[in-house]
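Spelled out, the chains give:
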Amino acid sequence: MDLISLVLWPIKWAVELILVAFHSFWDFLGMDPNAGVTWVLSIVGLVLVVRAALIPIFVRQIKSQRRMLEVAPQLKKIQDKYKGKKDQLSREAMSRETMELYKKTGTNPLSSCLPLLLQMPIFFALFSVLNDAQHDKAGVGLLTQELANSFANSEFLGAPLNSTFIQQWNLMIAGDPFSVNTMIIALSMIVLMTASQFITQLQIVSKNMSPETKASPMFRQQRILLYLLPLVFAFSGVAFPLGVMFYWLVSNFWTMGQQFVVIRNMPTPGSEAAKAREARLAKKGKLVVEDKGDSTTVVVEEKKSQRQQPMSKSRAKKQGK
């Protein structure tokens, strides 16, 4: 067993445990254990459990990215200050001022990447388990050969879960029998995956960036990702088996909804989403106090009219006098 397999082994074992547990649950409720819909619902349950467990990592990643976006304008000023200066002293001075800025603001360019790196083994294990099962390969734990065969041979709306769009396309070009249902379902999921990814990225670019950030180079990078990431799903989706595509689709929907909640409730200060949140709070009778020192927004609930307290007898006598 190589190092990668050794690292992924416990993660794959946990993934199989969740997948088989959901499959057994649907079987217990009377659903056909070999039906494609049973396995699709098991994949949906697997994604929901895993993504829910990753919420703390996601929140940390959002906060790290926000801090980097907030310091981007200051970072650009430092870069402009030393633009065109290639001597050793200037490079050292720019590096020193950059590190001082990171230290002062408590930011780290690698901190926003760390949560993503921690998620990669989990996502890779998920993909590996589903992909192996669809090729009649038993897992490392509870996913037995019998269950792997059931998964590989199951069909959803007449489309085998182990088939791919490109596979059926090649059969059609060669004049051999092919599955129209597979091509229709695959294309539908590719469109939905691409659209959900685009909407997710669009929420960040259009609503959750301050005017200073939009004037920085980082905004241009986000604009590139807005169109690049959906294309990745559009071109790679044709080679994914349907079972794996169901995982990616549900995961994308989760990300889109999660991003909406974060932007609505934890917007970047100064962004359109932050202004919309302040307007909502104002309608609810709340005051918004912005602390410009550390770019945080503190929400203070407006005091309601105090209830009249019953006066004591001694107090009543004094007021009577």
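Given the structure is predicted, the values throughout are model-derived calculations rather than measurements.

Criteria and thresholds
Residues numbered from 1 in each chain as written. Predicted model: local features only at pLDDT ≥ 70, side-chain atom pairs only at ≥ 80, totals over all residues. Heavy atoms only, no water. Core = buried A, V, L, I, M, F, W, Y, C linked by side-chain atoms within 4.5 Å. Buried < 20%, exposed > 50% of the residue type's maximum accessible area, 1.4 Å probe, protein only. Helix = DSSP H or I, 4+ residues; strand = E, 2+ residues; numbered from the N terminus. Contact = heavy atoms within 4.5 Å. Phe/Tyr/Trp six-rings, centres within 6.5 Å; stacked < 30°, edge-to-face > 60°. Polar contact = N/O pair within 3.5 Å; in protein donor to acceptor, adjacent residues only side chain to side chain. Axes fitted to C-alpha atoms, helices over the stretch in contact; angles between N-to-C directions. Parallel < 35°, antiparallel > 145°, perpendicular 65-115°, else oblique. Left-handed = near helix turned anticlockwise from the far one by under 90°. Nonpolar A, V, L, I, M, F, W, Y, C, P; charged D, E, K, R; others polar.

K.L.:
What is the right way to look at the nonpolar core in this model?
P.N.:
Across soluble globular proteins, you tend to see nonpolar side chains buried next to one another. Ranked by internal contacts, the top residues of the largest apolar core, which has 37 residues, are Leu 19, Ile 43, Leu 143, Leu 161 and Leu 242. Those elements that provide at least two residues to this core are α1 (3–28), α2 (36–53), α5 (114–133), α6 (145–153), α8 (180–207) and α11 (242–265). Per element, the largest residue contribution to this core is seven residues, and it comes from α11. Each residue touching Leu 143, except ones within four places of it in the same chain, is listed here: Glu 16, Leu 19, Val 20, Trp 39, Val 129, Ala 133 and Ala 138.

K.L.:
I'm lost on the side chain of Gln 258 in this one. Help?
P.N.:
Inspection of the secondary structure assignment puts Gln 258 in helix α11. With near-sequence residues (within four places) excluded, Gln 258 lies in contact with Arg 51, Ile 55 and Phe 58.

K.L.:
Looking at this structure, how should I read unusual backbone geometry?
P.N.:
Generally, phi is negative for residues other than glycine and the peptide bonds are trans, each holding for most cases. Of note, Leu 157 is a non-glycine position whose phi angle comes to about 55°, a positive value. Within the fold, Leu 157 resides in the loop between β1 (155–156) and β2 (159–160). For Leu 157, a relative accessible area of 62% puts it in the exposed group.

K.L.:
Sorry if this is basic, but what is going on with the packing of aromatic side chains here?
P.N.:
Aromatic rings considered in pairs are described by the distance between their centres and by the relative angle of their planes. Taken as a whole and assessed by the stated rule, the structure comprises six aromatic pairs. Considering the side-chain rings of Phe 165 and Trp 169, the 6.1 Å spacing of their centres and the 25° angle between planes classify their relative orientation as stacked. Here Phe 165 and its partner Trp 169 are both found in helix α7 (residues 165–174), four residues apart, which amounts to about one turn of the helix. Its relative accessible area of 37% is what places Trp 169 among the partly exposed residues. Centroid distance Phe 240 to Trp 248: 6.3 Å. Interplanar angle 10°. Geometry classified as stacked. Phe 240 gets classed as buried once you look at its relative accessible area, which sits at 17%. Taken together, the ring pairs in this structure connect Phe 240, Tyr 247 and Trp 248 into an aromatic cluster.

K.L.:
What should I look at first to understand the side chain of Ser 150 in this one?
P.N.:
Assignment of secondary structure puts Ser 150 in helix α6. A residue is classified by how much of its surface remains accessible, and Ser 150, at 10% relative accessible area, is buried. Of note is the side chain of Ser 150, whose polar atom sits 2.6 Å from the side chain of Asn 34. Engagement of the side chain of Ser 150 in a polar contact is seen with the side chain of Trp 39, the distance being 3.1 Å. In contact with Ser 150, not counting residues within four places along its chain, are Pro 33, Asn 34 and Trp 39.

K.L.:
When you look at the packing of α1 against α2 in this model, what are you seeing that I'm missing?
P.N.:
Packed helices, taken two at a time, are described by the angle between their axes plus the distance between the axes. α2 packs onto α1 with a crossing angle of 135° between their chain directions and a minimal axis gap of 8 Å. The angle between α1 and α2 places the two elements in the oblique class. By crossing handedness, the relation of α1 to α2 is classed as right-handed. Taking contact as the criterion, the partners of Val 15, Ile 18, Leu 19, Phe 22, His 23 and Trp 26 in α1 are, on α2, Thr 38, Trp 39, Leu 41, Ser 42, Ile 43, Gly 45, Leu 46, Val 49 and Val 50. Residues belonging to the contact of α1 with α2 are distributed by class as follows: 11 nonpolar, four polar and no charged.

Coordinates in, geometry out; function isn't part of it.
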